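Structural characterization, general
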Amino acid sequence: MESYQLKNGTKVFQYGLPIETKAVIAPKRKMKLKCDLDVKFQKDGTTISIELLSEDRIYGLGENLGGINKRGRIYESYCTDTPSHIEDREKLYSAHNFFIVSGKVVRGYFIDFPGRITYDMGYYNQKDINIKIYGQNFYIYILEGKDEKEVSSKFLEIIGKSYVPPKWGFGYFQSRWGYRNKEEVKKVYKTFKENDIPIEGIYLDLDYMDNFKDFTISQERFSGFKEFVEDLKKEGIYLIPIIDAGVKVENGYDIYEEGMKGDYFCKDKEGKPYEGVVWPGKVHFPDFMKKETQSWFGDKYQKLTDSGIEGFWNDMNEPAIFYEQEALEKAVEYAQKKLKNKNLDVFSYFKLKDNFTSLANRDSYYKNFYHEIDGKKVCNEKVHNLYGYFMTKSTYEALRKILKGKRFLLISRSSSIGMHRYGGIWTGDNSSWWFHLEQNMKMLPSLNMCGFFYIGADTGGFGGNCNGELLTRWLQLSIFTPLLRNHSAMGCNNQEPYAFTKKVLKNTRNLIKARYSLIPYIYSEYMKSVNHYHLMFQPLSFEFKDVLAKEIEDQILLGDQVMIAPVCAPNYKGRYVYFPEEMLEISFMHPKKMIGIRKKGIHYINYRLEDLKFFIRKNAMIPYVKSCKNLKELDQKNLKILAYVDNEAIYNLYDDDGISYDFIKGKRFSTRIKIIKKENNYEIKVHNTNPSIKNIEFKIIDSENHITEKDISFINKNQ
Ligand code: GLC
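This text gives an overview of the structure that appears in the document. (Residues numbered from 1 in each chain as written. Predicted model: local features only at pLDDT ≥ 70, side-chain atom pairs only at ≥ 80, totals over all residues. Heavy atoms only, no water.)

A look at the sheet that holds strand 16 (residues 247–248)
Adjacent strands of a sheet form backbone hydrogen bonds with each other and so pair up, either parallel or antiparallel. If you walk across this open sheet you meet the 3 strands as 16-18-17, and the pairing is antiparallel. Lying at the two open borders of the sheet, with one neighbouring strand each, are strand 16 and strand 17 (276–278). Taken together, the 2 bridges between strand 16 and strand 18 (residues 281–284) define a ladder with antiparallel strand orientation. Its bridge partner lying in strand 18, Lys248 is registered against Val283. (Pairing = 2+ DSSP bridges. Helix = DSSP H or I, 4+ residues; strand = E, 2+ residues; numbered from the N terminus.)

Overview of the nonpolar core
One broad rule of soluble globular proteins: the nonpolar side chains tend to lie buried together. Counting 197 residues, the largest nonpolar core has Phe98, Leu518, Leu612, Phe614, Ile675 and Phe698 as its most contacted members. A per-element tally of this core places helix 10 (residues 387–402) first, with 8 residues. Ignoring sequence-local partners within four residues, the contact set of Leu518 consists of Ile479, Phe480, Phe588, Leu612, Phe614, Ile622, Pro623 and Tyr624. In terms of nonpolar packing, the next biggest core, distinct from the first, is built from 25 residues, Val101, Tyr109, Ile131 and Ile142 among them. (Core = buried A, V, L, I, M, F, W, Y, C linked by side-chain atoms within 4.5 Å. Buried < 20%, exposed > 50% of the residue type's maximum accessible area, 1.4 Å probe, protein only. Contact = heavy atoms within 4.5 Å.)

Notes on the sheet that holds strand 12 (residues 138–145)
If you trace the 7 strands from one edge of the open sheet to the other, you get 3-1-2-12-9-8-6, paired in antiparallel fashion. Across the chains shown, the open sheet's two edge strands, defined by having one partner strand only, are strand 3 (28–30) and strand 6 (57–60). Strand-to-strand twist in this sheet, taken as the mean axis angle between neighbours without regard to direction, amounts to 25°. Running at roughly 140° to strand 12, helix 1 (residues 148–159) makes contact with strand 1 (2–6), strand 6, strand 8 (98–102), strand 9 (106–112) and strand 12 of the sheet. (Axes fitted to C-alpha atoms, helices over the stretch in contact; angles between N-to-C directions.)

Regarding the pairing of strand 36 (residues 638–644)
Judged by how many residues are buried, strand 36 sits mostly within the fold: 5 of 7 residues are covered. Here 5 bridges tie strand 35 (residues 620–624) to strand 36, and the two strands are oriented antiparallel to one another. Considered in strand 36, the bridge of Ala620 is made with Tyr644. Relative to strand 40 (residues 695–701), strand 36 is paired through 7 bridges, and the arrangement is parallel. Pairing of Leu642 across the sheet is with Lys699, part of strand 40.

Section: the site of the ligand
Around the ligand sit 13 residues, and of these Asp205, Asp315, Arg413, Asp429 and His487 come closest. The side chain of Asp315 places a nitrogen or oxygen atom 3.0 Å from an oxygen atom of the ligand. At 2.9 Å from an oxygen atom of the ligand is found a side-chain nitrogen or oxygen belonging to Arg413. Contact with the protein chains hides 97% of the accessible area of the ligand, taken as 310 Å² for the molecule alone. For the shell around the ligand, the residue count by class is 8 nonpolar, 1 polar and 4 charged. (Near = heavy atom within 4 Å. Polar contact = N/O pair within 3.5 Å; in protein donor to acceptor, adjacent residues only side chain to side chain. Areas by Shrake-Rupley, 256 points an atom, 1.4 Å probe, with all protein chains shown as cover. Nonpolar A, V, L, I, M, F, W, Y, C, P; charged D, E, K, R; others polar.)

Written out as structure tokens, the structure is:
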């Protein structure tokens, strides 16, 4: 075993000869260190156990179901197309192997291994974490710190900064699998406009392609694509097309033919391109582990950027496989043999049924194809969790070149740690279930801990039929998530904000307007979190150390200023909220009566469908502006500040041009606002370098509920 130390003190233990995933980018320095973990090598892998004390809590593991506290459950890292996120689902689309154990001491662990890992987080044996790594070559990173915040910051530091989308990526996006042609897409935009609902863009699902072929456009349904893209762009609307991992096997299809000629696909056992079946029928999978494939496939995105496209979603990149031809044939053969003139007993019936229902994404498929890594043949099973990561890295690198200095929107379904530097993620095919709204909230801090900041779930739920109440409640949460997309599956009822009653339309319109109002705050918190290696969303327990705060699972903190507590069940007119300290209750839709101080403790909070509630912490403030129909029209001239000040509050409002990468070189704007409470008044100091802000209106509340309003006007002068 080799050992190393990173600059920030992280210890690294190397077992065997691991595959370099480049999840961590901090340089390693060799150092003799002792690993105190109980690591056991067995024939079929490696096990690690970590003792759990009764007070220990576990955080992290990114995209996974379960609580904010991950203890008492089983998880698996093996990226899978999992259409039904039922309660005991152990794995989803991504593999995020970082977690923190917090009790008497706080320690973070990252297992850098691209194959399967299972975690028993105190499920069978409450006193232990039992991890099984399906291999013997890996790195373990151990991070220590005084608390969870410090440990997670250290981890964010070593894996590198998150991807940053353009500012318009923070707008509202509508999506649906089943906007069948460009007229339907235009109609969606038109209906948003007619109903005065802000919108930034529309995602294009499979429907735009010719026969599910990547980088093609259906001439029948989406002819004149370039003009169509440009026309909508003139209205301020971006189109975001989907790209799938599998390339259709079809003579005459240029991508397929180039892929064959260039030897860009994954191989089967015999060295022929591996064949699986996905949307278009038989497909080959680009071997993203090969440099040549990365640049070949990446360059193909230009086919769409040439039409004015500036954003993509990479899908089915676990990769999802509906079936292998041979497996299907076996199932059919069995059915034929069993069915004819037979009276099936229950066991044969179940077997027959399972033969078909288990066809998709079988483990055995991933043993049947190979990648080429540095000239060596490596079975997919061994590097399975890197597929979506490397696909998205290829896209990112190509788009950086193609779009020159312009930022672009990029999300992927499958990911592992490292991919966060190249794109965001949506959390896959959830359903229109209340439980999934709650899961959406719980996942946010865990995803941040694993480096993913541009995140969001399919608002309203992908599968199943959403109703107006669920959509409204879901928006009350999604208004705060960097990626805000309402998406649903083909065959489900429509779930655009206007698809329900007038009342739902009014409420959802107001919520989306509120999102646009809050953009200065959301963007600022996003960028500061990314730049300073902080979490944007935190469990309460990271900030407050009392017993209740540690156990709260249905409230989270956004930045250092705000607590959110969404309603995640039907029929409620409010909910109990725990206030770990005194906070200011905000009823954002009702500016006249939006204010009230809540003392520390548990309070029942009225939370109507027509509202947007959040809570500002003591000595904190949030900035917002007038709403707009899309972010091109965002006007920050009159910035508004809502503050709860008892003695002194400071806020640094971050901003930049929203489109270039100049922010990396330090071209950023800042507005530093300091409010100090004096006896009967407030002293306000503003240092502003943001030329778009000309005036600031303050509404300041103190703990006696006194409201003070002030207005500061300045034109590029510091105060
Ligand atoms: C996958 C995606 C979903 C998309 C569908 C059709 O299920 O997760 O978002 O709508 O494929 O492309």
